[in-house]
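Descriptive structure summary
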Amino acid sequence: MQYNFNEIEAKWQKYWAENQTFKAENDSDKEKFYVLDMFPYPSGAGLHVGHPLGYIASDIYARYKRHKGFNVLHPQGYDSFGLPAEQYAIQTGQHPAVTTAANIKTYRRQLDQLGFSFDWSREVRTSSPDYYKWTQWIFIQIFNSWYNKETDKAEDIETLISKFSSDGNANVNAVCDDDIVSFSADEWNSFSDVKKQEILLQYRLTYLADTEVNWCPALGTVLANDEIVNGVSERGGHPVVRKKMTQWSMRISAYAQRLLDGLDKIDWPQPLKDSQTNWIGRSQGASVTFPILTFPKGEGTAPGYMTGGNNSHLLLDRAKEMRANPTAAESVLWESIKSKKLDYKFRQQHLIDDFIVDFVCLSKKLVIEVDGEIHETQKEADLKRTKVLNGLGYKVVRFKNEKVIGNIDGVLEEIKAHLEQQNIPPSGARGIEVFTTRPDTIFGVSFMTLAPEHELVSKITTAEQKAEVEAYIEATAKRSERDRMADVKTISGAFTGAYAEHPFTKEPIPIWIGDYVLAGYGTGAVMSVPCGDQRDYDFAKHFNIDIPNIFEGVDISEEAFADKDKTVIANSDFLNGLPYKKAMKLAIYELEKIGHGEGKINYRLRDAVFSRQRYWGEPFPVYYVDGMPQMISPEHLPIELPEVEKYLPTETGEPPLGNAEVWAWDTVANKVVDNNEINNATVWPLELNTMPGWAGSSQYFNRYMDPHNSEEIFSQKAINYWQDVDLYIGGSEHATGHLLYSRFWQKFMFDKGLVPKDEFAKKLINQGMITGTSAFVYRWNQNYIKKPIFISQDIIQKAINEKGFLDDYSKNLKQLIESLSSKPGGRNIVEASWKNFSPLHADVSLINASDELDIEGFKKWRDEFSDAEFITEEDGSFKVGREVEKMSKSKYNVVNPDAICEEYGADSLRLYEMFLGPLEQSKPWNTAGITGTHSFLKKLWRQFHTGENVSFLVTEDEPSKDSWKTLHKTIKKVEEDIENFSFNTSVSTFMICINELSSQKCVSRQVLEPLAILVSPYAPHIAEELWSKLGHAESIATATFPKFEEKYLVESSKEYPISFNGKMKFTLELSLDLSKDEIEAAVMANEKTQQQLAGRTPKKVIVVPGKIVNIVG
RNA sequence: GCCGAAGUGGUGGAAUUGGUAGACACGAUGGAUUCAAAAUCCAUUGCUCACAAGGCGUGCGGGUUCGAUUCCCGCCUUCGGUACCA
């Protein structure tokens, strides 16, 4: 009987599907094991041989675990929202759902044909409403949560609201926005509903914020950094501008430390952990405030007391006028405040931003307004004004004229109370806040550098420096991030003309701007210590800024000194003589004492923008009432993606959902209704953005546990049984995207008590990439024969190697050239050099295992070469050149698994993909090698078919000692290999095993039956077929994995390698019972030893029993 | 620049704790079988040398060791990631 793989594979794939062989039960006494693949995006191109690599590995592991008696969960699904489908929809008008469904069909067929043991009954698709219902649900949970630093976890927003209404926000320790204004319980309770919502949004774990995006007006869309080349869009080359946009953000920064800590308890590849660690970017240091000494416009040089906005010069005269003509009430209050009854300095009719406030205590950021009769119109203006002032960090208190005049003492008492409540660092006035990891070098600061985009720049720049600074800002804005990154050597910057004050020495420090400081990191400003930081050093050298040396015994005339370990501080007042760590601690202590700074841990990790201006993504369950976002109640989910005419942004620049006509929320009927019904009373507009690609993939692994549950995202019973993923396999390109966001969501779910584990995957493996082996044919660059000439690569190579002439290496070519009447260029033209050839990609399907081209096939494939001349080798073959490149359509090196399954079968392909090399490494694909694993399977088949006319034959005879040994050696190795994910070596082991069994002519059931189980995870179809031929009615899937027994491997003797000075010369078989001395004696007595020694006496003989003998001397 | 991974025959790769370098497979060469081809089987196959003996060999240069692909120091190359990160 022949090994008819096509028939066998189809038969068992059908059997598995019909019998639901791999369906996992949520109810089982067996121990659970969860093996997961990163689910694919179903692209239109289908699978190529690189895609299934990880799936094959995980499938082997899943099948192995079933043999080991585990209840295995091994699901698969589709990450089916995404850009390619949307772009295709824009081009063709086809609904993304339609093309996605078609692509999924292809994927499913291709996956099925590879014989994976997926439990398809649990399939999920992120674009299906049944699924994204729960993505929307999680979003609502996140919205309704805040991060309490006290308990170090996410809590329901209700607990925050109750804190606010009982104590205000002064004692709330939360992860929140930077510009929080403090309020009391009373104030909270008196706030309007909108105001409350506004404040809560500053605390929620997902919130609306204005985020800068790369906006391309021509395309009407937001672009990712890598879609921009040289400041214009990659597609079409349109200009791109930075634009603020209101978008949803996820407060992942709240979890920065826990995401970092969690890495210690998961078994993930170190490089992946490293990149997450770098991404989170924790650095420990101090935040330091440098007061600004001088402002360009204003009253003299009072340090930092000028709080006016950019229109100050216009308003100052008005302020002076008002000061000169106070109202009666203002007069009374001013006299009392001036007489210092309050211990705090107040200013009168003072400029803050573009407002003139009646009184202000700058150090406490308290504004006091004295009002007369208030008109309604004034009320609204005042509200606005208060909002702006609050935004700047001021608290505004209002008193009526009558009250001030009638009860000045009461008013003063109230003001006093407010002053005490205000918790502002004493420096109060504006300063530049910097973050530094080297507070120990604070006495080495000789200038400060702000990012050109820093908001203070326009405010502090002096008139003289204005032109220069503006020119510099404009120049840097033009440079793309890539330009700035690539060009590290050019040092540029500009002096603002302003000075800051050193917190300890009180010396003035010049403030510069420079593009080596990034607006997005830390505070966008640095204290520059040129002696200790190379970039600061280079900057200082370039602009001739002082470089004070604050290190003991270090020469800084050539470069900065950044070695923390060898640091001893000098010229630094109280830090003198201290090493780095001690100086750092003391510096922070002193800074805190004078209120100029504090120890701080800074993270690079930014909150994640969660809005996309796209169509093909999850809609938000959000509508807007008076501009404030409202969640739709979970029982009305899912909010399904609406139909649109076009998938492009609207003419007004709104996201594609702006084209939807039925996209409003009716709060009475609780359904999506026509936009015409919007009445801003019961029907409101819905959110137009959709969620990003990572939304659907951040919890899918948990949904697989209970995928059809329509009541809950998953039942507690299911999650408590499956717990977490035991083995997760996928590409390393997801290191900082999917894998970081998923961990964040999992920790959130953990905080909410929804999942039992705060890390979702115990072990993770990155499979390597499979690269393509491109094939090249070489066209001869000549123009005196009127048709293209291709020359076999071996001829060219040989001629070049021997520095000869081409026609000497091919009779055909010689004839061809001689047939020409004239030979312009003479002999030169046939001189061999690669320069004379153009390599052209040939489709790899036209190449055989010996790198020979199917010439006729090539002519058919490339019409324009149908009359081309092919100069072949003597034997008529035409050799191509080969090179490893990325697998890509344009390089014609993509290999489709369909054709391979057809020709060699899925089992051969599975084995071959594993055989290529270690799972984690990237490796080139070369179809030629598959004949190796294919002929192994044929040999395996033959081992079971040694009867008459190659019929099935297995006997009940006792196997030979050698066969037992072969079997158990294989069991041991295969088991170890699978546990270590070293699948390539176990394929070799199978080959060795079958080579041995065939020479032993072993046909014994006691050996062949366990062998079938061993092979089954790798080549499941052939294993099932052999298993059934062995007489089993049940699938092999859950057959018990054979048990390794040491006794079959016990040896009595060993072939010792005998080395002389470490070099092996010959081997000698000796009994393993011999002692060290006996071995030495036996070796020394051997004639070959004496021959090697040639009379010399060895200095030393090393004997390692069971291993080696080494003779020295 | 920094971080990470990797350099072994013509090719993919093996060598699990420092102990016989090149398992297994592809390719190549020669042979058997066949009318022929496919398929299958056998032999050879790191380099060097006419053969043998020998010598050289795991990116390069050192070191530790009886013994190094494996450990240490210094470099080079390729690939992947990235952030001028204060």
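Residues numbered from 1 in each chain as written. Chains lettered and ligands numbered in written order. Predicted model: local features only at pLDDT ≥ 70, side-chain atom pairs only at ≥ 80, totals over all residues. Heavy atoms only, no water.

1. Observations regarding the overall build of chain A
- Looking only at helices and strands, one finds 36 helices and 40 strands in chain A.
- The C-alpha extent of chain A, read off along each of the three principal axes, is 120 × 85 × 75 Å.
- Looking at chain A residue by residue over its 1113 residues, the buried ones come to 52%.
- At a minimum sequence separation of 6, the contacts of chain A that also span at least 24 residues come to 71%.
- For chain A, the accessible area works out to roughly 51,300 Å², and carbon and sulfur atoms hold 49% of it. (Helix = DSSP H or I, 4+ residues; strand = E, 2+ residues; numbered from the N terminus. Buried < 20%, exposed > 50% of the residue type's maximum accessible area, 1.4 Å probe, protein only. Contact = heavy atoms within 4.5 Å. Areas by Shrake-Rupley, 256 points an atom, 1.4 Å probe, with all protein chains shown as cover.)

2. Thoughts on the side chain of Lys32
- One can find Lys32 in strand β1 (residues 32-37).
- Among the polar contacts made by the side chain of Lys32, one reaches the main-chain carbonyl oxygen of Asp724 at a distance of 2.8 Å. (Polar contact = N/O pair within 3.5 Å; in protein donor to acceptor, adjacent residues only side chain to side chain.)

3. Details of the sheet that holds strand β22 (residues 597-603)
- The strand order across the open sheet built from three strands is β17-β11-β22, with neighbouring strands paired in antiparallel fashion. The two strands at the open ends of the sheet, each matched to only one other strand, are β17 (431-436) and β22. Each neighbouring strand pair of the sheet contributes to a mean axis angle of 30°, computed without reference to strand direction.
- As paired strands, strand β11 (residues 282-291) and β22 are joined by seven bridges and run antiparallel to one another. (Pairing = 2+ DSSP bridges. Axes fitted to C-alpha atoms, helices over the stretch in contact; angles between N-to-C directions.)

4. Section: the domain arrangement of chain A
- When its domains are assigned, chain A resolves into domain 1 (134-204), domain 2 (311-420), domain 3 (436-600), domain 4 (776-886), domain 5 (905-1048) and domain 6 (1053-1112).
- Computed from C-alpha coordinates alone, the two centres of domain 1 and domain 4 are separated by 74 Å. (Domains from an automatic or database assignment.)

5. Points about the confidence of the model for chain A
- Here chain A averages 86 in pLDDT, while 93% of its residues score no lower than 70.
- Note on residues 297-304: pLDDT is under 50 here. Beyond four places in sequence and across chains, it has 20 contacts.
- For residues 425-429, every residue scores under 50 in pLDDT, and the model assigns this stretch eleven contacts once sequence neighbours within four places are set aside.
- In the model output, the complex is listed with pTM 0.83 alongside ipTM 0.93. (pLDDT = per-residue confidence, 0-100.)

6. Brief notes about the environment of Val884
- Locating Val884 in the fold gives a position in strand β35 (residues 881-885).
- Residue Val884 is classed as partly exposed on the basis of its relative accessible area of 48%.
- A C-alpha to C-alpha distance of 4.4 Å links Val884 and Thr773, two positions 111 residues apart in sequence.
- Excluding residues within four positions of it along the chain, Val884 makes contact with Thr771, Gly772, Thr773 and Pro924.

7. Digging into the sheet that holds strand β40 (residues 1108-1112)
- With mixed pairing, four strands are arranged side by side in an open sheet as β38-β37-β40-β39. For this open sheet the edge positions go to β38 (1063-1071) and β39 (1100-1104), each flanked by a neighbour on one side alone. Along the sheet, successive strands turn relative to each other by an average axial angle of 20°, direction set aside.

8. Section: the environment of Lys1065
- Structurally, Lys1065 is set in strand β38.
- Those residues in contact with Lys1065, other than ones at most four positions away along the chain, are Ile1058, Ser1059, Phe1060 and Gln1092.

9. A short note on empty space enclosed by the protein
- Considering all chains together, one arrives at three cavities of 30 Å³ or more under this definition.
- Taken as a whole, the second largest cavity spans an internal volume of roughly 60 Å³.
- Around the second largest cavity, the lining residues are Tyr131, Trp134, Thr135, Ile138, Ala695, Gly696, Ser698, Gln699, Arg703, Ile713 and Trp745.
- The set of elements that each furnish at least two residues to the lining of the second largest cavity consists of α5 (129-143) and α21 (693-697).
- Across the lining of the second largest cavity, the residue classes break down as six nonpolar, four polar and one charged. (1 Å grid on protein atoms, 1.4 Å probe; cavity = no way out; pocket = protein on both sides within 12 Å on 5 of 7 lines; lining within 4 Å. Points joined across faces, edges and corners; volume = space filled by probe spheres on them. Nonpolar A, V, L, I, M, F, W, Y, C, P; charged D, E, K, R; others polar.)

10. Let's talk about the packing of helix α10 (residues 270-280) against helix α24 (residues 738-751)
- Interhelical geometry of α10 versus α24 gives an angle of 70° and a closest axis separation of 11 Å. Judged by the inter-axis angle, α10 sits roughly perpendicular to α24. The residues of α24 that touch α10, namely those facing Leu272, Gln276, Trp279 and Ile280, are Leu739, Leu740 and Arg743.
- Among the residues forming the contact of α10 with α24, the class breakdown is five nonpolar, one polar and one charged. (Parallel < 35°, antiparallel > 145°, perpendicular 65-115°, else oblique.)

11. So, the side chain of Asp751
- Mapped onto the fold, Asp751 is located in helix α24.
- Taking relative accessible area as the criterion, Asp751 reaches 10% and is therefore assigned buried.
- A distance of 2.9 Å separates a polar side-chain atom of Asp751 from the backbone nitrogen of Ala154.
- With residues near it in sequence (within four places) discarded, Asp751 still touches Tyr147, Lys153, Ala154, Tyr255 and Arg258.

12. Some remarks on unusual backbone geometry
- Note the cis peptide between Leu637 and Pro638, where omega equals -5°.
- Structurally, the position occupied by Pro638 is in the loop between β25 (628-631) and β26 (664-666).
- Not every positive phi belongs to a glycine, and Asp152 is a case in point at roughly 55°.
- Along the chain, Asp152 turns up in the loop between β3 (145-148) and β4 (153-156).
- Its identity as a non-glycine residue notwithstanding, Phe981 has a phi of 55°, on the positive side.
- The topology assignment puts Phe981 in the loop between α31 (961-979) and α32 (983-1000).
- Under the relative-accessibility criterion, Phe981 is labelled buried at 9%.

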